[in-house]
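Listed here are the chains, written in short residue letters.
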Amino acid sequence: MASSPCSNSNFDSGLEIKTRSVEQTLIPLVTQITTLINHKDKPKKSERTLTAIHRVGQAVNLTVGRFVAVGEAIASENQELKDEMGQACFEARRAGDAIAQLTDVGSATPTPSDDHVTVFSDRTAMVKAARMLLSSVTKVLVLADRIVIKQIITSRNKVLMTLDHLERVSTFQEFVQIFSQFGNEMVEFAHLTGDRQNDLKDEKKKARMAAARAVLEKCTMMLLTASKTCLRHPDCESARINKDAVFHRMRCALEQVIEIVTEARSCGENKILSASICNGIKDFKYTVESLREDLFSLTPQSLTGQLEALVERMEDFTDSPYTSHEQRQSILSLCQQTHQDTQQLVHAWVVAQQSGSSKEVTENLEVAILKTCHSMGDLRRELHKVAVGRASDLLKVHGEQLPLRALKAAGAEGNLEAVADYSRKLTEQKEQLVETCRLLCHVSCTEPLEITCIHAEETFHVIGPQIISAAQTLALHPSSKIAKENLDVFCEAWESQLCDMALLLKEINDVFEGRRGDKKPYLSLPRPGKHSAGLKTAKAVKLDAEEQTSMAKLGLELRLLSSDVDAELEKWEEQEHDVIRQSQSLASMAYSMYLFTRGEGLLKTTLDLFHQAEVLSEEGVQLCLSLQTLSMQLVDEEKAVVLTETEKLMALCQQLQMGAKTPVQGKTATFQKVDSTIQTSRSLMTVVLSLLPLCNKLLRKHKSERTSLSSPQDWRETQDTSAPVKEDTALNGNNSNGFGVKSLEEHMASLNLLESK
């Protein structure tokens, strides 16, 4: 019972815990109850033991009392849950009272006539009371969670109703009025769904929620310009098609959010995920390796059938017109090799079934298992190479956005023939990207990444035709400013998805190479005593949607720099070196700043960002000190190179710290300060990235020379005596004071979806 609150609650009440907040609320209670049940049952109990047990029991009862009071208040405000919540609260209070009585152990030397039942005399009663308490408390929490789900559904219904009104408006005045209401409702929906996304335990559901919310975020601006274009040109068929597509996609995204929070089954998504080649390879290798434990758990026919189904899925690679002849032949050759190795495995398997487990038979079977798994691993690597290589090539080719530029120019000139020509080119590009996303899904190997690939595929598939319809509208009305603005919005959405695809590609590579694909943000925010001298006068604000859009490119560059630094650090032999640790901290903090530009992560306001910049600058100064120490081990020429770059880094750290501490007034000045902070951080990370390979190379060279001239012990002593002393370890994440994770989680508000007019 002490192992997990989930297991207890599920056993007693049949309720599944699906959110972190419910789980985290139960953990302290489980810990206290476990303490009571698992006490050492000695014949003699000291006064200290009895007092401790009594205190824990009373603490549990008081906690339950406060908890039940909140539950009863919720019940009074929500009549549909009143009976269920009331019963659960009653059971929780009764169980709390029972535990209080059982832990009222009194004196250490009870009289023989004392027949008072306690935790010592009847442990079964304590276990029963504990089970009842956990069951009832879990039920109260799950019922309270239903209120959150109800709020999301109610918010969605309000958005849908206003969306219907928006679709039917016929005048600009009416549209402006209703769109203002729609914006407020979307902001409320964004906060609710953002909190829910962060609270979900299931990573697959979190990824689906993130994809749906990304659609809503981007579609809000598209809806604004598409609707305005349709109002300005009511008889234009292409404008109507463009607008209808946006409304349809928003409704689908809203429906997906409700599917996730209400546990409704999605249409077809599970089939898509289960059919990925990477999952198929994992399942096949697991089946093959299970033969070591049981030769009769399945038949040879089922294993070969599993292989045939897996090879059939690879037609997405081999039948693609964009796969080169060499790549196709390589995949087919590896499939053939895997088939041959599997046949040899089947033969060894049958022999083992018939001949028993002699040493020779067992060794032959083991060799066959290893060969089959090895050939399957080679096939997986080749498929990954093909998919990632094609995606990289496409991103390079389409990075210049030539079809989009040409479509804009042709539309502005009113050249319908040119628009049709460039539309065909964009359609071909869209088909290439859609197919590439499908191949990336096959090699992603984690469900969240697979879902992100599916989202990218759907986005390219939908936005391509929308760009074309927007370009056709502009070609028909070349002097229309709103039609031009509308086309620009859709083109920006396309470019944004290409940037997201570059990040997705990086994360897929990280997972394939064994690095963490879902990098966590840096949590060591500044301590109030040291960094918050100006908290009373500074005003914490959030970036609005327009400002987030402006910061998107800078943030993306910061994200890529952060990933590049991580990749460079993995090449170092000495992973415990100060330079490694400090650079990792800088990369983590830069990543949290990137999340801030997207309206995500733990940095919620500009004040959080500026505090993080101060911490980053201080960690950068520590890195400079480590680099100066390292330079002392180098010869004059090498030392000069390192010191020159270190001086640049020190100057940027000072610039970042001064900028972060400089007070500003007004929204425009605050945004300019944010922009300057992100730009300086980007420059700082660029210098760090240039220093790391240089230092690694010189360090290896120096180590090689020292190894040939002196003993390893001398080298280690040199390093130990030259290590700088750290006076404050809080910046390295070793101090949990100040802004804790728990307090930040209470403010996990989501990004603002509404683009300001």
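Bear in mind that the values here come from a model prediction, so they are computed numbers and not experimental data.

Draft legend 1. Region of interest: the packing of aromatic side chains. Evaluated as defined, the whole model comprises four aromatic pairs. Consider the rings of Phe179 and Phe182, whose centres lie 5.8 Å apart with planes at 40°: the pair is tilted. Separated by three residues within a single helix, Phe179 and Phe182 lie in helix 6 (residues 172-199), roughly one turn from each other. Ring geometry for Tyr591 versus Tyr594: centroids 5.6 Å apart, planes at 45°, classification tilted. Pair noted here: Tyr591 and Tyr594 are both in helix 21 (residues 578-597), with a separation of three residues, about one helical turn. Summarising the burial analysis for this pair, Tyr591 and Tyr594 share the class buried. Connected via pairs of aromatic rings, a cluster forms that spans Phe175, Phe179 and Phe182. Lys673 extends its terminal NZ or CZ atom over the ring of Phe610, reaching a point 4.1 Å from the ring centre.

Draft legend 2. Region of the structure containing the state of the cysteines. In the structure shown here, the tally under the stated rule is one disulfide. What pairs with Cys278 in a disulfide is Cys445, and their sulfur atoms sit 1.7 Å apart. Linking Cys278 and Cys445, the disulfide has an S-S dihedral of approximately 90° and is accordingly described as right-handed. Taken together, the positions of Cys278 in helix 10 (residues 277-289) and Cys445 in the loop between helix 16 (416-442) and helix 17 (447-476) put the pair 167 residues apart, joining distant regions of the chain. An identical accessibility class is assigned to Cys278 and Cys445; each is buried. Just so you know, Cys219 is unpaired, no disulfide at all, and the nearest cysteine sulfur is the one on Cys252, 9.8 Å from it.

Draft legend 3. View of the nonpolar core. Counting 105 residues, the largest nonpolar core has Phe182, Leu223, Phe317, Leu440, Ile467 and Trp494 as its most contacted members. Ranked by residue count, the leading element in this core is helix 14 (residues 359-398), at 14 residues. Shared between two domains, this core holds at least three residues of each, these being domain 2 (169-264 + 400-513) and domain 3 (277-391). Not counting residues within four places of it along the chain, the set of residues in contact with Ile467 comprises Leu404, Leu407, Leu426, Leu487, Phe490, Cys491 and Trp494.

Draft legend 4. Spotlight on empty space enclosed by the protein. Considering all chains together, one arrives at four cavities of 30 Å³ or more under this definition. In this structure, the second largest cavity occupies an estimated 40 Å³ of space. Lining of the second largest cavity is provided by Ile277, Cys278, Ile281, Arg380, Leu383, His384, His442, Val443, Cys445 and Phe512. Residue assignment places the lining of the second largest cavity across two domains, with domain 2 (169-264 + 400-513) and domain 3 (277-391) each supplying three or more.

Draft legend 5. Here's a closer look at a negative patch on the surface. A contiguous patch of negative charge on the surface is contributed by Glu308, Glu312, Glu315, Asp316 and Asp319. Only helix 11 (300-313) and helix 12 (315-318) provide two or more residues apiece to the negative patch. With respect to the helices, strands and loops of the structure, Asp316 is situated in helix 12.

Draft legend 6. Spatial organisation of the pattern of salt bridges. Tallied over the entire structure, the rule returns 25 salt bridges. Two residues, Lys218 and Asp500, come together in a salt bridge whose shortest N-O distance is 3.2 Å. Of this pair, Lys218 sits in helix 7 (residues 203-232) while Asp500 is found in helix 18 (residues 481-512), placing the two residues 282 residues apart along the sequence. Using a relative accessible area of 23% as the deciding quantity, one classes Asp500 as partly exposed.

Draft legend 7. Spatial organisation of helix 11. Here helix 11 spans 21 Å end to end across 14 residues, near enough to the 20 Å set by a 1.5 Å rise per residue. Every buried residue of helix 11 is listed here: Pro300, Leu303, Leu307 and Leu310. Projected down its long axis, helix 11 carries its buried residues within an arc of 95°, all on one side. Opposite the buried face of helix 11, at more than 90 degrees from it, the exposed residues are Gln301 and Glu312.

Draft legend 8. Inspection of the side chain of Thr338 at higher detail. When you line up the elements, Thr338 lands in helix 13 (residues 325-355). In terms of polar contacts, Thr338 uses its side chain to reach the backbone carbonyl oxygen of Leu334, at 2.9 Å. Setting aside residues up to four positions removed in sequence, Thr338 forms contacts with Leu307, Ser375, Met376 and Leu379.

Draft legend 9. Structural context of the environment of Ile260. Considering the arrangement of structural elements, one finds Ile260 in helix 8 (residues 237-261). Take Ile260: its relative accessible area is 3%, and that puts it in the buried class. Taking the C-alpha atoms as reference, Ile260 lies 9.9 Å from Ala212; in sequence the two are 48 residues apart. Leaving out residues up to four positions away in the same chain, Ile260 has contacts with Leu200, Lys205, Arg208 and Met209.

The rules behind the values
Residues numbered from 1 in each chain as written. Predicted model: local features only at pLDDT ≥ 70, side-chain atom pairs only at ≥ 80, totals over all residues. Heavy atoms only, no water. Phe/Tyr/Trp six-rings, centres within 6.5 Å; stacked < 30°, edge-to-face > 60°. Helix = DSSP H or I, 4+ residues; strand = E, 2+ residues; numbered from the N terminus. Buried < 20%, exposed > 50% of the residue type's maximum accessible area, 1.4 Å probe, protein only. Lys NZ or Arg CZ within 6 Å of the ring centre and 35° of its normal. Disulfide = S-S within 2.5 Å. Core = buried A, V, L, I, M, F, W, Y, C linked by side-chain atoms within 4.5 Å. Domains from an automatic or database assignment. Contact = heavy atoms within 4.5 Å. 1 Å grid on protein atoms, 1.4 Å probe; cavity = no way out; pocket = protein on both sides within 12 Å on 5 of 7 lines; lining within 4 Å. Points joined across faces, edges and corners; volume = space filled by probe spheres on them. Patch = residues over 30% accessible without salt bridge, like charges linked within 9 Å, V, L, I, M, F, W, Y side chains within 5 Å. Areas by Shrake-Rupley, 256 points an atom, 1.4 Å probe, with all protein chains shown as cover. Salt bridge = Lys/Arg side-chain N within 4 Å of Asp/Glu carboxyl O. Lys, Arg positive; Asp, Glu negative; His and termini not counted. Charge placed at Lys NZ, Arg CZ, Asp CG, Glu CD. Expected span 1.5 Å × (residues − 1). Arc of directions from axis to C-beta. Polar contact = N/O pair within 3.5 Å; in protein donor to acceptor, adjacent residues only side chain to side chain.

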